[in-house]
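A look at the structure
One letter stands for each residue in the lines below.
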Amino acid sequence: MKFSSAFTIALLAAHALCAADLTGTWVVVPAGPDGKPATSMLIAGGPPPPVVNYFIAAKGDTFAGYLSQGQNNSAITDGKVDGDNVTFNVIRQFGGNDIKVAYSAKITADGLTITIPVPAGRGGGGRGRGPAFGFGAPPVATAAATPPQPMLQFLRRTSTAVPPPMPVPPAKETLNPPAAGVKYDGLAKTPPMGWNSWNKFQARVNDQVVRDVADAMVKNGMRDAGYVYVNIDDTWEGTRDAQGNIRANEKFPDMKALADYVHSKGLKLGIYSSPGPKTCAGYEGSYQHEAQDAQTWAAWGIDYLKYDWCSATQVYTPDSQPGAYAKMGQALLDAGLASGHPIVYSLCQYGQVDVGTWGANAGGNLWRTTGDISDNWASMSNIGFTQQIGREKFSGPGHWNDPDMLEIGNGGMTDTEYRTHMSLWSLLAAPLLAGNDLRSVAPDILEILTNKEVIAIDQDPLGKQGVQVSKDGDAEVWARTLADGSIAVGLFNRGATQIPVAANWSALGISGAYKARDLWAHADRGTGSDEFWANVPSHGVVLLKLTK
Ligand code: GLA
């Protein structure tokens, strides 16, 4: 008897020490309005989100498996359970390479709560009202930053059966571009300007939001300042009909009617897809439906396509990018010619495989040069100052480098920083796609976005992208030659305290007397023949136009 009760206690203790067995199939459930796991898979007002499953096979306190979204599977390795704490790696593919991403999770009463880490390079930024722009005025300290938060994902177990092994992916196709390249469509003689839904709305974009934004752009002067494209990003896509025609999901009941509405406001409508089977957010892509989709969009009256690589990684080898992009480039050209309705073509493959060397040949009017921008100083300044260097040789009328959409007005940076964002993008001859909620814009933000003198730099018809002409610690001078022979010059301060920044005529490659115009102060600053300097606040800019 004694022996048997001791044995029972030992068994219980062993059980208590034993790690939870996570074996089975787990499904991601959306967060409800309270931030807790929702009881339904439906997000109010939206289509069902794409299904994401975790398939896990455990052995004691270790496990492995895979994460699955559509045809996209990512291996899970090095899984460990320690009490309620779970850690594992997800093997992600980026540019043809395997990248290990470390996840952590907690076992809860409801299931599992996973923390997906913030991607590298997305630091925090300052927020607060900056000082009035000018010479010598020191900056007001900004409020503490809210750094981007890791994303939570809620999982519920739908089966405890040992899952089948990860399916072996089909062999990847290699696609070569046509030798002659895709003919230039004659569009985007200056960098496209407009608005895109992603930075602010993500999956919350719908027909009403687009109509309201279009109305607002007419009322608040954005349209008249040159912002004409109203671009719907990811999450509009529904299923295909029996003939394979793409349909919008329930958020967009009638795309043709929406295009007609947007056109009636003197604006143009843009849309989004992927060369892969699925978009980045897991919706239907254009894989094997390229010509058919281009024709559908042309019939709807779409004026602009952003084409995002995403799951194309699953079906094409990385060196297929020029071929895969040319395939849609040709399809858009053909559909545009047939309908008399040309479509601007925006490549989004994060600047991989030297896109500048082949983007125009694939029919691209613009191509992304970086990963996704975030609304903070670290992200914006790293993209704008660091990642564009050397790319100017690929840019010009009809084909532009795209350092990603604007974050101006989204709240993560100061006005001073947003003026730097606008100035730098204009010097870079970058597309200007506002990414904020244009239905309600604060006057200071509207003033930044619609500064005509700055927009004129971006839209200069020579189309010559600016370059960094000098760098001295945090002081950087960038310059761009304009069609009338004048020069746009940005005196930037990337540091934390105000400093003087000087533009030297010899560094600018000019000599003789030049008049200086301050494009943010809208004021003439006299004439000089060797150098112009200004005290520039932290993270700020003085943007000049120098004219003979
Ligand atoms: C990628 C793109 C973003 C946005 C999202 C949508 O991350 O780079 O600009 O289009 O996909 O899913």
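Please refer to the structure placed before this passage.
The model shown is predicted, which means the values in this text are computed figures rather than measured ones. (Residues numbered from 1 in each chain as written. Predicted model: local features only at pLDDT ≥ 70, side-chain atom pairs only at ≥ 80, totals over all residues. Heavy atoms only, no water.)

**Digging into the overall build of the protein chain**
As a reminder of what qualifies: Secondary structure elements follow DSSP: runs of H or I no shorter than four residues count as helices, runs of E no shorter than two count as strands, and numbering proceeds from the N terminus. When accessible area is computed with a 1.4 Å probe and restricted to protein chains, residues below 20% of their type maximum are described as buried, those above 50% as exposed, and intermediate ones as partly exposed. The contact criterion used throughout is that any non-hydrogen atoms of two residues lie within 4.5 Å. Computed with a 1.4 Å probe, the accessible areas rest on the Shrake-Rupley method; for each residue, only the protein chains presented here act as cover.
The number of helices and strands found in the protein chain is 13 helices and 26 strands. For the protein chain, the proportion of its 548 residues judged to be buried stands at 51%. Residue pairs in contact within the protein chain that sit at least 24 positions apart in sequence constitute 67% of those at least 6 positions apart. Split by element, the accessible area of the protein chain, about 23,300 Å² in all, is 56% carbon and sulfur.

**Examining empty space enclosed by the protein**
The condition is simple: Only protein atoms enter the 1 Å grid used here, on which a cavity is any set of points holding a 1.4 Å probe that cannot leave and a pocket is any open set flanked by protein within 12 Å on both sides along at least five of seven lines; residues with an atom within 4 Å of a point are listed as lining. Grid points are joined across faces, edges and corners, and a volume is the space filled by probe spheres set on the points. The classification used treats Ala, Val, Leu, Ile, Met, Phe, Trp, Tyr, Cys and Pro as nonpolar, Asp, Glu, Lys and Arg as charged, and all other residues, Gly among them, as polar.
Per the stated rule, a full pass over the model turns up 4 cavities of 30 Å³ or more. For the largest cavity, the calculated volume is near 60 Å³. Around the largest cavity, the lining residues are N196, N231, Y304, K306, S346, C348, R368, D402, D404, M405 and L433. Looking at the lining of the largest cavity, its residues break down into 4 nonpolar, 3 polar and 4 charged.

**Considerations on the site of the ligand**
Note the threshold: Any residue with at least one heavy atom within 4 Å of a molecule or strand is counted as near it. A 3.5 Å cut-off defines polar contacts: any pair of N or O atoms within that distance qualifies, except that in protein one atom must be a possible hydrogen donor and the other a possible acceptor, and neighbouring residues in sequence count only when both atoms are side-chain atoms.
Taken together, the neighbourhood of the ligand is formed by 13 residues, with D233, D234, K306, D308 and D372 sitting nearest. The contact in question runs from an oxygen atom of the ligand to an N or O atom on the side chain of D233, over 2.6 Å. One of the side-chain nitrogen or oxygen atoms of D234 is found 2.8 Å away from an oxygen atom of the ligand. Summarising the interface, the protein chains cover 92% of the accessible area of the ligand, which totals 300 Å² for the free molecule.

**Here we look at helix α9 (residues 377-386)**
Along α9, 7 of the 10 residues are buried, which leaves the element largely enclosed by surrounding structure. For α9, the set of buried residues is W377, S379, M380, S381, I383, G384 and F385. Of the surrounding elements, those touching the buried residues of α9 are α10 (415-427), β20 (475-481) and β21 (487-493). Of the residues flanking the start of α9, the one acting as N-cap is N376, its side-chain oxygen 3.2 Å from the backbone nitrogen of A378.

**Some words on the packing of aromatic side chains**
Heads up, the rule is: Stacked, tilted and edge-to-face pairs are distinguished by plane angle, under 30 degrees for stacked and over 60 for edge-to-face with tilted covering the rest, among Phe, Tyr and Trp rings (Trp via its six-membered ring) whose centres lie within 6.5 Å. Geometrically, a lysine NZ or arginine CZ counts as sitting over a ring once it is within 6 Å of the ring centre and also within 35 degrees of the ring normal.
A complete count under the given rule lists 17 aromatic pairs for this structure. An aromatic cluster of three or more residues is present, and its members are Y287, Y307, W309, Y316, Y325, Y345 and W358. We note R211 situated over the ring of Y261; from NZ or CZ to the ring centre the distance is 4.8 Å.

**Re the sheet that holds strand β19 (residues 467-472)**
Put simply, the test is: A pair of strands is treated as paired once DSSP finds two or more bridges between them. For helices, the axis comes from a line fit to the C-alpha atoms of the stretch in contact; other axes are also lines fit to C-alpha atoms, and the angle between any two N-to-C directions lies between 0 and 180 degrees.
Overall, antiparallel pairing links the 6 strands, which are arranged β19-β20-β21-β26-β23-β24 in an open sheet. With one partner strand each, in any of the chains shown, β19 and β24 (523-528) form the two edges of the open sheet. The average angle at which neighbouring strand axes cross in this sheet is 25°, direction not considered. Relative to the sheet, α10 contacts β20, β21 and β26 (541-547), its axis offset from that of β21 by approximately 140°.

**Considerations on the side chain of T313**
The residue T313 is located in helix α6 (residues 312-315) in this model. Judged by its relative accessible area of 12%, T313 falls in the buried class.

**Some points on the packing of helix α3 (residues 207-219) against helix α4 (residues 255-264)**
Definition in use: Throughout, the term roughly parallel applies to angles under 35 degrees, roughly antiparallel to angles over 145, roughly perpendicular to angles from 65 to 115, and oblique to all others.
The contact between α3 and α4 brings their axes to 10 Å, and the two run at 10°. What the angle tells us is that α3 and α4 run roughly parallel. On α4, the residues that touch D207, V210, R211, A214 and D215 of α3 are A257, L258, Y261 and V262. Looking at side-chain class alone, the contact of α3 with α4 contains 6 nonpolar, no polar and 3 charged residues.

**Digging into the pairing of strand β15 (residues 344-348)**
Successive residues of a regular strand alternate their side chains across the two faces of the sheet. Across the 5 residues of β15, 5 count as buried, placing the element largely inside the fold. On β15, burial covers both faces: V344, S346 and C348 on one face and Y345 and L347 on the other are all buried. Sheet topology note: the strand β14 (residues 304-308)/β15 ladder contains 5 bridges and is parallel. Residue pairing for β15: Y304 is matched across the bridge by V344. Here β15 pairs with strand β16 (residues 366-368) via 2 bridges, running parallel. Note on β16: the bridge partner recorded for L347 is W367.

**A short note on the nonpolar core**
Filter applied, for reference: Nine residue types can take part in a nonpolar core, namely buried Ala, Val, Leu, Ile, Met, Phe, Trp, Tyr and Cys, and a core is a set of them joined through side-chain atoms within 4.5 Å.
Y227, W236 and W297 are the most contacted members of the largest nonpolar core, which has 90 residues in total. Take this core: its biggest share by element is 8 residues, from helix α7 (residues 321-339). Setting aside its immediate chain neighbours within four residues, Y227 contacts M193, G194, M217, M222, L267, M422, L432, L449 and I455. With 20 residues, the next largest nonpolar core counts V28, V52, V81 and I116 among its residues.

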